[in-house]
Amino acid sequence: MGRSRKPSEFAIEALIKASGWSAVVFVLLIFLFLLREGLPTFAEVKLGSLFGLRWYPIEGHFGLVPLVWGSIIVTLGAALIAVPLGVAAALFIAEVAPRWLRELLKPLVEVLAGLPSVVLGFLGVIALAPLVRTSLGVPTGLTTLTGSILLALMALPTIVSVAEDALDAVPKSFRVGSLALGATRWQTIWRTTLPAARSGVLTATMLGIGRAIGETMAVMMVTGNAPQLLLAPRALWSPSRSMTATIAAEMGEVAKGSTHYHVLFTVGLVLFLISFGVNIAASSMLFKSRGGGGRMLS
Amino acid sequence: MSRLDAKTSERIAFALLGLAALLTVAPIVLIVGVIAAKGGPAVSGEFIFAAPREGMRAGGVWPALVGTLYLTLGTALVAVPLGLAAAVYLSEYAKDNLFTRSIRIAIVNLAGIPSVVYGLFGLALFVLFLRLGSSIAAACLTLSIMTLPVIISTAEEALRAVPQSFRLVSIGVGGTRWQTIRRVVLPQALPGILTGVILGLERAAGETAPILFTGASFFLPALPKSIFDQTMALPYHLFVISTQVPGMPVKIQYGTALVLLVFVLSMNVAATFIRSHYRRRRQW
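Residues numbered from 1 in each chain as written. Chains lettered and ligands numbered in written order. Predicted model: local features only at pLDDT ≥ 70, side-chain atom pairs only at ≥ 80, totals over all residues. Heavy atoms only, no water.

Q: Explain the overall build of chain A residue by residue, including any values.
A: A tally of regular secondary structure across chain A gives 15 helices and 2 strands. Its C-alpha atoms put chain A at 70 × 70 × 35 Å along the principal axes. Considering only contacts in chain A between residues 6 or more positions apart, those separated by 24 or more positions represent 71%. Per element, the accessible surface of chain A, about 13,000 Å² overall, is 68% carbon and sulfur. When the 23 basic and 14 acidic side-chain charges of chain A are each reduced to a single mean position, those positions are 7 Å apart. (Helix = DSSP H or I, 4+ residues; strand = E, 2+ residues; numbered from the N terminus. Contact = heavy atoms within 4.5 Å. Areas by Shrake-Rupley, 256 points an atom, 1.4 Å probe, with all protein chains shown as cover. Lys, Arg positive; Asp, Glu negative; His and termini not counted. Charge placed at Lys NZ, Arg CZ, Asp CG, Glu CD.)

Q: Lay out unusual backbone geometry in plain terms, naming residues and giving numbers.
A: Residues and elements named next belong to chain B. Positive phi, normally seen in glycine, also occurs at Glu54, with a value near 50°. Tracing the backbone shows Glu54 in the loop between strand E1 (52–53) and strand E2 (58–59). Its identity as a non-glycine residue notwithstanding, Met56 has a phi of 70°, on the positive side. The topology assignment puts Met56 in the loop between E1 and E2. Using a relative accessible area of 6% as the deciding quantity, one classes Met56 as buried. (Buried < 20%, exposed > 50% of the residue type's maximum accessible area, 1.4 Å probe, protein only.)

Q: An account of the pattern of salt bridges is needed here, citing residue identities and associated values.
A: What the rule picks out here adds up to 12 salt bridges over all chains. A salt bridge links A:Lys106 to A:Glu164, with the nearest nitrogen and oxygen atoms 3.2 Å apart. One end of the pair, A:Lys106, is in helix H6 (residues 99–114); the other, A:Glu164, is in helix H8 (residues 144–168), and 58 residues separate them in sequence. When its relative accessible area of 32% is taken as the criterion, A:Lys106 is described as partly exposed. Its salt-bridge partner being B:Arg160, residue B:Glu156 comes within 2.7 Å of it at the nearest N-O pair. Of this pair, B:Glu156 and B:Arg160 are both found in helix H6 (residues 136–160), 4 residues apart, which corresponds to roughly one turn of the helix. Using a relative accessible area of 8% as the deciding quantity, one classes B:Glu156 as buried. A single network of salt bridges, built from pairs that share partners, joins A:Arg102, A:Lys106, A:Glu164 and A:Asp168. (Salt bridge = Lys/Arg side-chain N within 4 Å of Asp/Glu carboxyl O.)

Q: Account for the environment of B:Phe49, with residues named and values stated.
A: The residue B:Phe49 is located in helix H2 (residues 45–49) in this model. Along the sequence, B:Phe49 and B:Ala15 sit 34 residues apart, while their C-alpha atoms lie 49 Å from each other.

Q: Which residues make up the packing of helix H10 (residues 185–196) of chain A against helix H1 (residues 6–39) of chain B, and what are the values?
A: A pair of packed helices can be characterised by two numbers: the angle between their axes and the separation between those axes. For the pair H10(A) and H1(B), the least separation of the axes is 8 Å and the interaxial angle reads 70°. On the basis of the axis angle, H10(A) is roughly perpendicular to H1(B). Between H10(A) and H1(B), the contacting residues are A:Arg185, A:Trp186, A:Gln187 and A:Ile189 on the first element and B:Ala6, B:Ser9, B:Glu10, B:Ala13, B:Phe14 and B:Leu17 on the second. Broken down by class, the residue content of the contact of H10(A) with H1(B) amounts to 6 nonpolar, 2 polar and 2 charged. (Axes fitted to C-alpha atoms, helices over the stretch in contact; angles between N-to-C directions. Parallel < 35°, antiparallel > 145°, perpendicular 65-115°, else oblique. Nonpolar A, V, L, I, M, F, W, Y, C, P; charged D, E, K, R; others polar.)

Q: Break down the packing of aromatic side chains for me, citing the residues and quoting the values.
A: To describe a pair of aromatic rings, you give the distance between the ring centres and the angle between the ring planes. Scanning the model with the defined rule gives 13 aromatic pairs over all chains in all. Where A:Trp186 meets A:Trp190, the ring centres are 5.5 Å apart and the plane angle is 20°; that geometry is what we call stacked. With A:Trp186 and A:Trp190 both in helix H10 and 4 residues apart, this pair spans about one turn of that helix. Relative accessible area serves as the criterion here: at 47%, A:Trp190 is assigned to the partly exposed category. With 5.1 Å between their ring centres and 50° between their planes, B:Phe49 and B:Trp62 make a pair best called tilted. Taken together, the residues span a long stretch of sequence, with B:Phe49 in helix H2 and B:Trp62 in helix H3 (residues 62–93) at a distance of 13 residues. We classify B:Trp62 as partly exposed; its relative accessible area is 29%. An aromatic cluster is present here, built from A:Phe33, B:Phe121, B:Phe126 and B:Phe129 joined pairwise through their rings. (Phe/Tyr/Trp six-rings, centres within 6.5 Å; stacked < 30°, edge-to-face > 60°.)

Q: Explain the interface of chain A and chain B to me, using residue names and the numbers behind them.
A: Contacts between chain A and chain B engage 78 residues on the former and 83 residues on the latter. Here chain A and chain B share an interface that buries about 7,200 Å² over both sides, 81% of which is from carbon and sulfur atoms. Applying the counting rule to chain A against chain B returns 1 salt bridge. A:Glu110 serves as the salt-bridge partner of B:Arg275, at 3.1 Å between the closest nitrogen and oxygen. (Buried area = accessible area lost by both parts, 1.4 Å probe.)

Q: Explain the nonpolar core to me, and be specific about the residues and the numbers.
A: Counting residues in each nonpolar core, the largest one holds 180 residues, and the members touching the most others are A:Met251 and B:Ile35. Non-local contacts of B:Ile35, meaning those with residues more than four positions away in its chain, are made with A:Val119, A:Leu123, B:Gly40, B:Tyr254, B:Ala257, B:Leu258 and B:Leu261. (Core = buried A, V, L, I, M, F, W, Y, C linked by side-chain atoms within 4.5 Å.)

Q: How would you explain H10(A) if you had to name every residue and give the values?
A: Taken residue by residue, H10(A) has A:Trp186, A:Thr188, A:Ile189, A:Thr192, A:Thr193 and A:Leu194 as its buried positions. Summarising the contacts, the buried residues of H10(A) are in contact with helix H5 (65–96), H8, helix H9 (172–180) and helix H11 (198–214) of chain A together with H1 of chain B.

See below:
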């Protein structure tokens with residue numbers, strides 16, 4: 001560091017160092033502003049009624065339970081579809097497919113990651129919903145299940161690419177050793193490779209689910225937007241309303257500074273905390289397993 | 001019951017895995033195919049260059065297309081310099097300590113925050129607190145922060161891939177740290193950085209939720225005149241015409257979806273092309 005630096009260079013380096021902190025600053029800012037607009041809720045609405053079972057803002061019912069339930073059910077449905085499918089597809093791409101097929105499948109999965117959610121929502125409304133309605137024989141195709149199917153599609157690219165990276169990171173010697181002992185390729189995958197990559201596969205699952213909970217447009221367009229509490233199997237083929245969809249659908253129409261406005265920010269705060277928890281857990285697992293985490297973000 | 005022999009169970013397992021991969025990619029081909037087939041006939045020069053008419057049931061998508069272009073460029077203007085500088089910091093300056101780790105955790109979290117929460121944040125900070133109003137400026141700033149983690153992490157990966165020996169040679173012949181970064185490391189990492197930037201902007205271009213309350217307009221007959229005006233945007237326009245306007249012709253809906261898809265996927269193709277092109281030409 002003894003070398004003399006020009007003042008301009010010093011300024012540039014100072015700027016770079018300041019920018020390095022931008023991510024931390026923004027996370028804090030987001031948290032602060034959600035608190036600032038969300039906290040008045042707790043002065044305006046009794047805590048007990050926030051845990052109420054009815055969301056009907058016009059009459060002052062701000063029970064968050066149906067919204068949280070809606071998010072849970074639609075995400076659970078998506079996870080049931082996307083996790084087995086995604087992990088299996090990752091296994092196929094990483095371990096089974098010949099090179100040419102791999103080079104074909106990977107960009108296709110990337111295309112899925114790039115599809116705007118509103119395009120999926122549009123197709124959900126126009127094509128998937130009628131299909132769901134006729135095949136289930138329900139009065140409307142705008143159901144939780146329709147949302148789950150779309151969410152599964154949106155979570156798949158994350159699950160496939162993170163799980164595939166984890167499988168790639170398993171040392172070749174593991175596979176060679178297993179094969180040398182006389183195991184078939186499938187036995188090697190099932191008994192050696194997959195268990196060795198399990199923390200990465202778990203991370204992939206969590207990130208995929210995290211993405212599904214936070215998805216907004218597609219869910220809002222196809223789940224029918226009825227905040228109601230139904231038990232698990234029936235809830236799937238009935239309309240529901242997620243936390244994200246509630247914010248997106250109602251924020252445009254509320255008066256700034258009203259109770260409704262503050263409650264919607266509280267819902268945002270809950271979503272922020274959920275994603276914070278999921279990501280801290282997922283990244284701590286990834287940091288532990290290989291001290292990195294670059295691919296988590298794609 | 002005799003157990004399946006190892007060879008048979010392998011064959012069954014591989015078939016199932018292949019089926020899963022097929023089920024994963026088939027919807028993509030189907031989605032792109034259906035939109036291209038049904039939207040193709042709707043798209044014409046008039047559809048692209050005309051404004052919507054008759055309560056959006058006729059005309060084209062021009063104001064929405066231009067709006068999305070503005071939003072994407074504005075987002076790039078903010079997010080690229082900031083994200084690049086942060087990536088340079090992480091790859092070239094930061095030591096591996098608690099502070100750096102907290103930056104990485106913040107980046108991962110920023111990437112995971114739901115897009116609609118970015119919308120709330122943009123509304124609270126840019127629209128109301130900083131009094132930018134619902135405007136292109138507020139929407140671009142919101143989208144920039146959302147795009148930042150993708151740009152930082154891909155750019156950092158590209159910078160780290162430049163071999164250490166390049167830096168040592170530059171320092172060895174008397175270059176300062178910044179000269180080394182600017183003249184040696186950045187040019188070598190440029191293709192990787194560009195790929196990351198395009199992928200980040202692709203996401204911003206297709207997003208709806210963050211701009212819902214920060215700058216997107218339901219319908220505007222004229223193009224915005226300044227960054228403090230609202231604008232139409234393709235994703236929001238598609239949302240509006242597929243859920244909010246009764247009696248909307250399906251042809252226009254599919255046409256709009258196709259224009260949006262081409263806009264976004266052409267960025268995807270560009271990124272893939274840059275990546276494969278430069279990987280082949282790389283000298284290390």
